[in-house]
Amino acid sequence: MTFEDIFNQLSQKFPQGILGKEESKPDASIKVAPSAIHEVIQFLRDELQFETLHLVSGVDYPNLPALCVVYHPGSYTDKMIVSLKVYLPRTEQAKVASITDLYKAANWHERETYDMFGIQFENHPDHRRILCPEDWQGFPLRKDYVTPDYYNGMPVPLFFEDSAPSEGGTH
Amino acid sequence: MGPGDNVVMTTMDDVLNWGRSNSLWPLTFGLACCAIEMMATGAADYDLERFGCGVFRATPRQADLMIVAGTVTLKMASRIRMLYEQMPDPKWVISMGSCSNKGGPYWQEGYHVLKGVDRVIPVDIYVPGCPPRPETLIEAVMMLQKKIKVQEAALGPLGFMRKQA
């Protein structure tokens, strides 16, 4: 089974849910509507032998503007990986359905995507930050993220730009 | 210590410092890739035990040397502070590697990295390198032993602060 076969099958099965193809390098990807991603991935898993989930990650496109969640389900039967992209509005309330009930592997990946991009996953069983401290402000991999000056009283930059080095000498 | 000081006191210093410097017990405390070099230093090839420094303890309550081996994240910084405070006096700190010295490769863009462990705990010896080779860590331990051997043992490592106060 090739990428084209999968794309055609998905397009026939979900005429509303599949928004098109993206000829991204190195592999083409399939654009999926946010409301349809859960059933599309369920179809891939149950009907097209995509037994495993390699990756859930995020991308921030400040120029579109959009937030994007990228899914990489994989198939050992067909020895292939397909990439699915879901574009969301670039707001604090960007939401998409969790697929943790389909693949257990999605649990931590979705938590990391939430931690770094602030994309919320509905019906996630444990929706918390995973890497940053729980009282961390902001989402670091968003392109407009500004590094805080202080965290819990600890200065974050090596030295502040508008002042002399904060402690002894240069770096 | 001067020529006019008490002879007995000086002898106590020598005896205590001799014992302390030759039985440093480090805390098992690896944070990143530097910990691999620290483990190599403790293992058979480099054998930190030759210097009386190989008894890596699993609890800060039994340790008197903290080797901060690796990147100190802001999330970890408060834990490091707590572990340091749990260690009994007298205690020493070796900052191992560029990351814990001054943020290392994360010095500019590392939003999550503490730029130097000396922002949360006092450091005795800084070891440069990314990561430092085991020989470098051994040299740091030997430098720390020299430092311990000349300090006023009865007052402890913080004695100089009490004298000023």
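Look up: the structure comes first, before these words.
Each chain carries its own residue numbering, running from 1 in the written order of its sequence. Working convention: letters from A go to chains and numbers from 1 go to ligands, in the order in which they are written. In keeping with the predicted nature of the model, local features appear solely for residues at pLDDT of at least 70, side-chain atom pairs appear and are counted solely at 80 or more, and the whole-chain, interface and lining totals rest on all residues. Excluded from the side-chain calculation are hydrogens and water; included are all heavy atoms of the structure.

> Lay out helix α3 (residues 74-86) of chain B with the relevant residues and their values.
Numbering of helices and strands runs from the N terminus, with a helix taken as a DSSP run of H or I at least four residues long and a strand as a DSSP run of E at least two residues long. Here the expected span of a helix is defined as 1.5 Å times the quantity of residues minus one. Here α3 of chain B is 13 residues long and its end C-alpha atoms lie 19 Å apart, about the 18 Å a rise of 1.5 Å per residue gives. Think of it in three bands: with a 1.4 Å probe and only protein chains considered, a residue is buried below 20% of the maximum accessible area for its type, exposed above 50%, and partly exposed in between. Where α3 of chain B is concerned, the buried positions are Leu74, Ala77, Ile80, Leu83 and Tyr84 of chain B. Along the axis of α3 of chain B, the buried positions cluster into a sector of 145°, meaning they face one direction only. For α3 of chain B, the secondary structure elements touched by its buried residues are β9 (150-151) and β10 (154-155) of chain A together with β1 (26-27), β2 (65-69) and β3 (92-96) of chain B. Each direction from the helix axis to a C-beta atom contributes to the arc, which is the arc of those directions. By the convention used here, residues are in contact when the closest approach between their heavy atoms is within 4.5 Å.

> Tell me about helix α2 (residues 34-42) of chain B, and name the residues and values.
All names here are of chain B. Among all positions in α2, only Cys34, Ala35, Met38 and Thr41 are buried. One side of α2 carries all its buried residues, which in axial view fall inside an arc of 110°. Away from its buried face by more than 90 degrees, α2 exposes Ile36 and Met39. Considering only its buried residues, α2 is in contact with β2, β3 and α5 (134-149).

> So what's going on with the nonpolar core? Residues and values would help.
With 63 residues, the main nonpolar core has Ile30 and Tyr71 of chain A together with Met66 of chain B as its most contacted residues. Side-chain atoms within 4.5 Å are what join buried Ala, Val, Leu, Ile, Met, Phe, Trp, Tyr and Cys residues into a set we call a nonpolar core. Within the second largest apolar cluster, 20 residues are counted, among which are Leu24, Phe51, Leu65 and Ala140 of chain B.

> Before we move on, can you summarise the interface of chain A and chain B with the specific residues and values?
Much of the literature gives interface size as the accessible area that the parts lose upon coming together. Contact with chain A, which involves 18 residues of that partner, is made by 13 residues of chain B. Once two parts are brought into contact, the accessible area they lose, counted with a 1.4 Å probe and summed over both, makes up the buried area. Both sides together, the interface formed by chain A and chain B hides about 1,300 Å², and carbon and sulfur atoms give 65% of it. Salt bridges are counted wherever a side-chain nitrogen of Lys or Arg sits within 4 Å of a carboxyl oxygen of Asp or Glu. The interface formed by chain A and chain B holds zero salt bridges in total. Under this definition, polar contacts are N or O atom pairs within 3.5 Å; protein pairs additionally need one hydrogen-donor-capable and one acceptor-capable atom, and for neighbouring residues in sequence, both atoms have to be side-chain atoms. Taken together, the connections running from chain A to chain B amount to five residue pairs in polar contact (both at pLDDT 80 or more). Of the residues that constitute the side of chain A that touches chain B, the class distribution is 14 nonpolar, three polar and one charged. Only Asp, Glu, Lys and Arg are considered charged, only Ala, Val, Leu, Ile, Met, Phe, Trp, Tyr, Cys and Pro nonpolar, and every remaining residue, Gly among them, polar.

> Requested: an account of the packing of helix α1 (residues 3-13) of chain A against helix α2 (residues 37-47) of chain A, with residues and values cited.
Residue and element names in this part refer to chain A. Note on geometry: axes are C-alpha line fits, over the in-contact stretch for helices, and angles between N-to-C directions span 0 to 180 degrees. Where α1 meets α2, the closest approach of the two axes is 11 Å, and the angle between their N-to-C directions is 125°. When the axis of α1 is compared with that of α2, the two are oblique. The crossing of α1 and α2 is right-handed. Two secondary-structure elements touch here, α1 through Ile6, Gln9, Leu10 and Lys13 and α2 through Val40, Phe43 and Leu44. Here the residues of the contact of α1 with α2 sort into five nonpolar, one polar and one charged. The labels follow the angle: roughly parallel below 35 degrees, roughly antiparallel above 145, roughly perpendicular from 65 to 115, and oblique for the rest. Two helices cross in a left-handed way if the nearer one is turned anticlockwise from the farther one by less than a right angle. They cross in a right-handed way if the turn is clockwise.

> Can you lay out the pattern of salt bridges for me, pointing to particular residues and giving the numbers?
Residues and elements named next belong to chain A. Applying the stated criterion to the full structure yields 13 salt bridges over all chains. Residue Glu4 is joined to Lys21 by a salt bridge in which the shortest nitrogen-to-oxygen separation is 3.0 Å. Highlighted residues: Glu4 in helix α1 and Lys21 in strand β1 (residues 18-22), separated in sequence by 17 residues. A salt bridge links Arg128 to Glu134; its shortest N-O distance comes to 3.2 Å. Under the relative-accessibility criterion, Glu134 is labelled exposed at 60%. Linked by salt bridges that have partners in common, Arg111, Asp126, Arg128 and Glu134 make up one network.

> Residue-level account of the sheet that holds β1 of chain B, with values.
Residues and elements named next belong to chain B. As summarised here, the arrangement of the four strands in space is β1-β2-β3-β4, forming an open sheet in which the pairing is parallel. The open sheet terminates on both sides in strands that have one partner only, identified here as β1 and β4 (125-127). Think of it this way: DSSP has to see at least two bridges between two strands before they count as a pair. Alignment of β2 against β3, held across five bridges, turns out to be parallel. Each residue of the ladder has a partner; that of Leu65, found in β3, is Trp92. With respect to the sheet, α3 is in contact with β1, β2 and β3, its orientation differing from that of β2 by roughly 165°.

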